[in-house]
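Structure at a glance
If you want the building blocks of each chain, they are given just below.
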Amino acid sequence: PASLAGKTVLITAAAQGMGRASALACLSAGASVIATDIQAEALATLAAETPHPERLRTAVLDVRDTAAVAALAATLPPLHGLFNCAGYVHSGTVLDCDEAAWDFSMDLNVKSMWRLLRAVLPGMLAEAARTGNSASVVNMASMAGSIKGFPNRFAYGTTKAAVIGLTKAVAADFVKQGLRCNALCPGTVDTPSLRERINAAPDPAQAERDFIARQPMGRLASVDDIAPMVVFLLSDDARLITGQALLVDGGVTI
Ligand code: NAD
């Protein structure tokens, strides 16, 4: 497995789902992890789940709050990795997406990445120059967006397409300064928010069957199918990979 020994990584939305699994996987791979989320109680339970709590720091961070992002960044050691994981699935077509819903999704799914990058990139670039190892940013996108359109994912697909564009722009700007930036594009992953979407459906059992049916491998992805890709992209094993949208989708886009 890829090693993150000696690296410090910041993860947003680390209280549950893929962010949480990635925080635990990064700790197992040897990283020091700054796990952030808006859910303080769920963050507090992370330490009990890792054999390496001494390398874990948790912090409440709302990625929609520019001042809070800057304030936290000012307290951090130099970072080698950033996993921008926070995001929200708006369900519906353009006709279901009013201005507030549009603004919320763009803010949480895209502008948050602008906030984090502005706050931590200068330190990451300085650290990359100092160590000679590439710094790595992983941005959470999705198979839904510019890769494939899905019904009732208007705002979501728009934001996740923007994440891929943002990722390629950052990759192009800093490729000569030792910074890599990639987008992760999962298929349908069994996480607390997916369970909420299933349970909110008129027929939850059918909704779950429908989600599984669109996965050619015949099952939902688990968070542990995704976290190893996060570790790999953050590691030096991925040193030649930048500007890519990496699909981990169980075959949906074959
Ligand atoms: P989730 O949706 O169950 O959890 C999301 C986490 O984000 C929660 O812990 C929540 O507290 C946190 N969060 C919400 N608003 C926040 C804010 N303003 N600041 C900081 N944190 C905030 O977890 P998930 O399903 O693993 O989703 C994580 C990411 O993966 C999202 O960007 C999502 O769009 C993306 N994604 C999910 C799937 C899937 O099928 N689950 C597929 C592809 C991509």
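Note: the structure precedes this text.
In this section: the overall build of the protein. Check the secondary structure of the protein and you find eight helices and seven strands. By the compact-globule yardstick of 18 Å for 254 residues, the protein fits well, its C-alpha radius of gyration being 17 Å. Taking the principal axes of the C-alpha coordinates as reference, the protein spans close to 55 × 35 × 35 Å. Counted over contacts in the protein with a minimum sequence separation of 6, partners at least 24 positions apart contribute 71%. Taken as a whole, the protein presents about 11,300 Å² of accessible surface, with 57% of it coming from carbon and sulfur.

Okay, the packing of helix α6 (residues 192–200) against helix α7 (residues 204–213) next. Between α6 and α7, the least distance of the axes is 7 Å, while the angle of their chain directions is 130°. Taken together, α6 and α7 sit at an angle that is classed as oblique. Here Leu-194, Arg-195, Ile-198 and Asn-199 of α6 come into contact with α7, specifically with Pro-204, Ala-207, Glu-208 and Phe-211.

Attention now moves to the nonpolar core. Generally speaking, a soluble globular protein has its nonpolar side chains buried in company with each other. With 74 residues, the main nonpolar core has Leu-10, Cys-26, Val-33, Met-124, Leu-179 and Leu-184 as its most contacted residues. A total of 10 residues in this core trace back to one element, the largest contributor, which is helix α4 (residues 99–131).

The next point concerns the site of the ligand. Not every one of the 29 residues close to the ligand is listed here, only the nearest: Gln-16, Met-18, Asp-37, Thr-191 and Ser-193. Cys-85 has a polar backbone atom sitting 2.8 Å from an oxygen atom of the ligand. Backbone polar atom of Val-189 to an oxygen atom of the ligand: 2.8 Å apart, as the coordinates give it. For the ligand, the protein covers 92% of the area, taking 830 Å² as the surface of the free molecule. A total of three residues in the shell around the ligand trace back to one element, the largest contributor, which is α6. Residue classes in the shell around the ligand are distributed as 15 nonpolar, nine polar and five charged.

Here the focus is the sheet that holds strand β3 (residues 56–60). With parallel pairing, the seven strands of this open sheet are ordered in space as β3-β2-β1-β4-β5-β6-β7. Lying at the two open borders of the sheet, with one neighbouring strand each, are β3 and β7 (245–248). Here the average twist between neighbouring strands, direction ignored, is 20°. One ladder, built from five bridges, connects strand β2 (residues 32–37) with β3; its direction is parallel. When the sheet's bridge partners are listed, Thr-36 is paired in β3 with Ala-59. Its contacts with the sheet put helix α1 (residues 17–28) on β1 (8–11), β2, β3, β4 (81–84), β5 (135–140) and β6 (179–186), and the angle it makes with β1 is roughly 170°.

As enumerated under the stated definition, the model contains eight salt bridges in all. Salt-bridge contacts for Asp-107 lead to Arg-64; the nearest nitrogen and oxygen are separated by 2.7 Å. Of this pair, Asp-107 sits in helix α4 while Arg-64 sits in the loop between β3 and α3 (66–73), and the two are 43 residues apart along the sequence. Arg-64 sits in the partly exposed class, given a relative accessible area of 36%. Within this structure, Arg-64, Asp-107 and Arg-115 form a network of salt bridges that share partners.

Definitions and limits used
Residues numbered from 1 in each chain as written. Predicted model: local features only at pLDDT ≥ 70, side-chain atom pairs only at ≥ 80, totals over all residues. Heavy atoms only, no water. Helix = DSSP H or I, 4+ residues; strand = E, 2+ residues; numbered from the N terminus. Rg over C-alpha atoms; globule rule 2.2 N^0.38 Å. Contact = heavy atoms within 4.5 Å. Areas by Shrake-Rupley, 256 points an atom, 1.4 Å probe, with all protein chains shown as cover. Axes fitted to C-alpha atoms, helices over the stretch in contact; angles between N-to-C directions. Parallel < 35°, antiparallel > 145°, perpendicular 65-115°, else oblique. Core = buried A, V, L, I, M, F, W, Y, C linked by side-chain atoms within 4.5 Å. Buried < 20%, exposed > 50% of the residue type's maximum accessible area, 1.4 Å probe, protein only. Near = heavy atom within 4 Å. Polar contact = N/O pair within 3.5 Å; in protein donor to acceptor, adjacent residues only side chain to side chain. Nonpolar A, V, L, I, M, F, W, Y, C, P; charged D, E, K, R; others polar. Pairing = 2+ DSSP bridges. Salt bridge = Lys/Arg side-chain N within 4 Å of Asp/Glu carboxyl O.

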